[in-house]
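Here are the chains, one letter per residue:
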Amino acid sequence: MTPFAYTLLQRDPHTGARAGHFSTPHGEIPMPAFGPVGTQGAVKAMSPEELEEAGASLILANTYHLYLRPGAALIARLGGLHTFMNWPHPILTDSGGFQVFSLEGLREVDEDGVTFRSHIDGSEHRFTPESVVATQEQLGADVIMCFDECAAPDNRAYSEAAMERTHRWAVRCHEAQTRSDQALFGIVQGGIYPELRAKSARFLVELDLPGYAIGGLSVGESKAEMHAMLELVAPLLPEDKPRYLMGVGSPEDLFEGVSRGIDMFDCVLPTRLARNGGLLTRQGRINLRNAQYAEQAGPIEEGCDCYTCQHYSAGYVRHLLKAREIFGLRLASIHNVRFMLRTMGEIRQSILDGTFAALREEFLSEYRIIPHAAREAERARYRSGTRSLKRPQVAGNGSLGGAIEDER
Ligand SMILES: [Zn+2]
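Residues numbered from 1 in each chain as written. Predicted model: local features only at pLDDT ≥ 70, side-chain atom pairs only at ≥ 80, totals over all residues. Heavy atoms only, no water.

### Observations regarding the overall build of the chain
- When you go through the chain residue by residue, the secondary structure sums to 17 helices and 16 strands.
- Its C-alpha atoms give the chain a radius of gyration of 20 Å, near enough to 22 Å, the size a compact globule of 408 residues would have.
- The dimensions of the chain, computed from C-alpha atoms along their principal axes, are 60 × 55 × 40 Å.
- For the chain, buried positions account for 58% of its 408 residues.
- Counting 42 positive and 52 negative side-chain charges, the chain places the averaged centre of each group 5 Å from the other. (Helix = DSSP H or I, 4+ residues; strand = E, 2+ residues; numbered from the N terminus. Rg over C-alpha atoms; globule rule 2.2 N^0.38 Å. Buried < 20%, exposed > 50% of the residue type's maximum accessible area, 1.4 Å probe, protein only. Lys, Arg positive; Asp, Glu negative; His and termini not counted. Charge placed at Lys NZ, Arg CZ, Asp CG, Glu CD.)

Now the structure itself:
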């Protein structure tokens with residue numbers, strides 16, 4: 001009997017939102033769920049105990065990074081990812097496809113797989129659907145992902161070719177799987193093209209996988225385009241399987257995604273923002289480095305139940321961030337991760353109570369959303385800041401590891 005099952009508890013009468021839970025060998029994931037990202041086997045600046053306290057039920061780790069360093073076989077020898085990182089709860093690993101395909105100029109795709117150069121030392125490696133499943137079996141996460149080709153959203157011909165290849169690779173991943181205690185999710189591709197997305201969803205559903213992800217979104221398309229794709233794809237996916245929107249999102253994205261039937265999200269946003277002084281509040285994102293917070297004796301956010309806000313003033317956390325103290329990164333990360341998880345908890349409870357639509361309206365009317373143009377400019381800054389880091393570098397340059405992660 002499969003250890004994986006999605007149980008639907010409540011459907012929202014006014015939107016596509018739904019509440020349930022997904023059982024895994026390491027416990028239940030209440031859904032909808034947000035998974036903080038632990039790229040290198042740690043959610044940056046946070047301990048497993050702090051993640052538990054913040055309410056995390058699921059965390060992610062990146063196959064690409066762990067494959068390169070320290071190596072999946074080594075992690076297997078040290079007891080697998082749960083033991084290795086002391087996280088006894090559900091873990092999801094991505095396939096590494098997203099990172100490999102962002103290595104522009106350093107990778108070559110063919111029908112069988114992708115050959116690429118490590119961003120750490122320039123050494124040559126090859127991922128195939130079979131090798132990616134084998135690597136994820138060594139890592140041992142509860143949820144593993146099919147190897148997919150993520151195309152730029154604005155090229156239809158490439159989107160179609162990448163989608164077709166993703167389908168052939170999904171079949172190979174499915175056949176390559178040997179462990180029955182890991183749920184292999186398929187990834188719907190097809191860019192911003194409705195007919196491709198529909199075809200992709202239908203193809204993957206035929207494989208009868210334990211869950212489905214929607215990939216290739218939040219990569220530069222408009223929010224309206226992303227929403228249109230979700231409205232099209234989610235109803236084509238099975239009711240009794242989780243639906244995972246990869247690499248999304250911001251607080252407003254949680255509401256928009258859940259309204260359209262999404263059950264799972266992950267994003268580096270809360271931790272990445274925190275390290276740059278961006279703190280999440282119900283009114284929107286604030287820059288704690290700004291002078292106006294220097295003498296704020298109260299917490300970052302009034303009423304916040306996180307460890308940081310319970311014990312420290314905004315002025316103190318600002319000081320630590322300005323002074324580049326490691327503790328400041330921890331305190332800021334704890335607040336942001338708790339903000340995302342508390343928001344998701346409120347979303348879930350409101351679905352169970354039948355008040356989701358009201359909560360959504362209240363949240364979105366209060367929360368100041370970063371305009372599309374500003375968001376794209378920010379994304380471009382990250383891209384240009386990371387491009388030089390994608391060239392092969394000598395080992396030992398400690399800032400490289402986060403570069404590729406930060407693009408997500
Ligand atoms: Zn807080």
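Having put the structure on the table, let's press on.
### Regarding the coordination of the zinc ion
- Bound to the zinc ion are the protein donor atoms Cys304 (SG), Cys306 (SG), Cys309 (SG) and His335 (ND1), situated 2.1 to 2.3 Å from the metal.
- Coordination at the zinc ion comes from 4 donor atoms whose angles at the metal span 101 to 117°, giving a geometry best classed as tetrahedral.
- Donor residues for the zinc ion, ordered by position in the chain, follow C-x1-C-x2-C-x25-H. Each member of the pair, Cys304 as well as Cys309, carries the same accessibility label: buried. (Donors = N, O, S within 2.8 Å, 3.2 Å for Na, K, Ca; no water. Tetrahedral: all angles 85-135°; square planar, octahedral: opposite > 155°, others 65-115°.)

### Brief notes about the nonpolar core
- Counting residues in hydrophobic clusters, the biggest one holds 89 residues, and the most contacted among them are Phe265, Leu288 and Ile347.
- Per-element tally for this core: the top contributor is helix H14 (residues 326-353), with 10 residues.
- Setting aside chain neighbours within four positions, we find Phe265 in contact with Ala33, Phe34, Gly35, Tyr244, Leu245, Val248, Asp253, Leu254, Gly257, Val258 and Met344.
- The next biggest cluster of nonpolar side chains, apart from the first, holds 20 residues, and it includes Phe4, Ile29, Ala33 and Val37. (Core = buried A, V, L, I, M, F, W, Y, C linked by side-chain atoms within 4.5 Å. Contact = heavy atoms within 4.5 Å.)

### Details of the sheet that holds strand S11 (residues 183-188)
- Spatial strand order, S4-S14-S13-S12-S11-S10-S6-S5: 8 strands in an open sheet with parallel pairing. Each edge of the sheet is formed by a strand with only one pairing partner; in this case those strands are strand S4 (33-36) and strand S5 (59-61). The sheet shows a mean angle of 25° between the axes of neighbouring strands, taken without regard to direction.
- Across 2 bridges, strand S13 (residues 243-245) lies against strand S14 (residues 264-267) in parallel orientation. Counterpart to Leu245 in the pairing with S14 is Phe265. (Pairing = 2+ DSSP bridges. Axes fitted to C-alpha atoms, helices over the stretch in contact; angles between N-to-C directions.)

### A look at the pairing of strand S16 (residues 284-287)
- Of the pairings in the sheet, the one linking strand S15 (residues 278-281) to S16 comprises 4 bridges and is antiparallel in character. Each bridged residue has a counterpart across the sheet, and for Thr281 the counterpart in S16 is Gly284.
- Counting the residues between successive antiparallel strands, the hairpin from S15 to S16 contains 2 residues.

### Concerning the pairing of strand S1 (residues 5-11)
- Relative to strand S2 (residues 18-24), S1 is paired through 6 bridges, and the arrangement is antiparallel. Bridged to Ala5 within S2 is Ser23.

### Topic: the sheet that holds strand S3 (residues 27-31)
- The strand order across the open sheet formed by 3 strands is S1-S2-S3, and the pairing between neighbours is antiparallel. The open sheet terminates on both sides in strands that have one partner only, identified here as S1 and S3. Taken pair by pair, the neighbouring strands of this sheet meet at an average axis angle of 15°, ignoring direction.
- In this sheet, S3 lies alongside S2 in antiparallel orientation, the contact comprising 5 bridges. Within S3, the residue paired with His21 across the bridge is Pro30.

### Quick notes on the confidence of the model for the chain
- Model confidence for the chain is summarised by a mean pLDDT of 92, while 93% of its residues fall at 70 or above.
- Low confidence marks residues 386-408, where pLDDT is under 50. Its contacts with residues over four positions away, or in another chain, come to 55 contacts. (pLDDT = per-residue confidence, 0-100.)

### Thoughts on helix H13 (residues 314-322)
- Looking at H13, one finds that the buried residues are Ala314, Gly315, Val317, Arg318, Leu320 and Leu321.
- On its buried face, H13 sits against helix H11 (269-275), helix H12 (307-311) and H14.
- Arg324 sits one or two positions beyond H13 and adopts a positive phi of about 55°.

### Quick word on the pattern of salt bridges
- Under the criterion given, the structure shown has 26 salt bridges.
- Linking Arg172 and Asp112 is a salt bridge whose minimum nitrogen-to-oxygen distance equals 2.8 Å. With Arg172 in helix H7 (residues 156-176) and Asp112 in the loop between strand S7 (107-109) and strand S8 (114-117), this pair connects stretches of sequence that are 60 residues apart.
- Given a relative accessible area of 38%, Asp112 falls into the partly exposed group.
- Across the pair Arg282 and Glu346 runs a salt bridge, and its minimum N-O distance is 3.2 Å. (Salt bridge = Lys/Arg side-chain N within 4 Å of Asp/Glu carboxyl O.)

### Some points on the packing of H7 against helix H8 (residues 194-206)
- In the contact formed by H7 and H8, the axes pass within 11 Å of each other and the chain directions differ by 5°. When the axis of H7 is compared with that of H8, the two are roughly parallel. In this structure, H7 uses Arg156, Ser159, Glu160, Met163, Glu164, His167, Ala170 and Val171 to contact H8, whose residues at the interface are Glu195, Leu196, Lys199, Ser200, Phe203 and Leu204.
- Classifying every residue of the contact of H7 with H8 gives 6 nonpolar, 3 polar and 5 charged. (Parallel < 35°, antiparallel > 145°, perpendicular 65-115°, else oblique. Nonpolar A, V, L, I, M, F, W, Y, C, P; charged D, E, K, R; others polar.)

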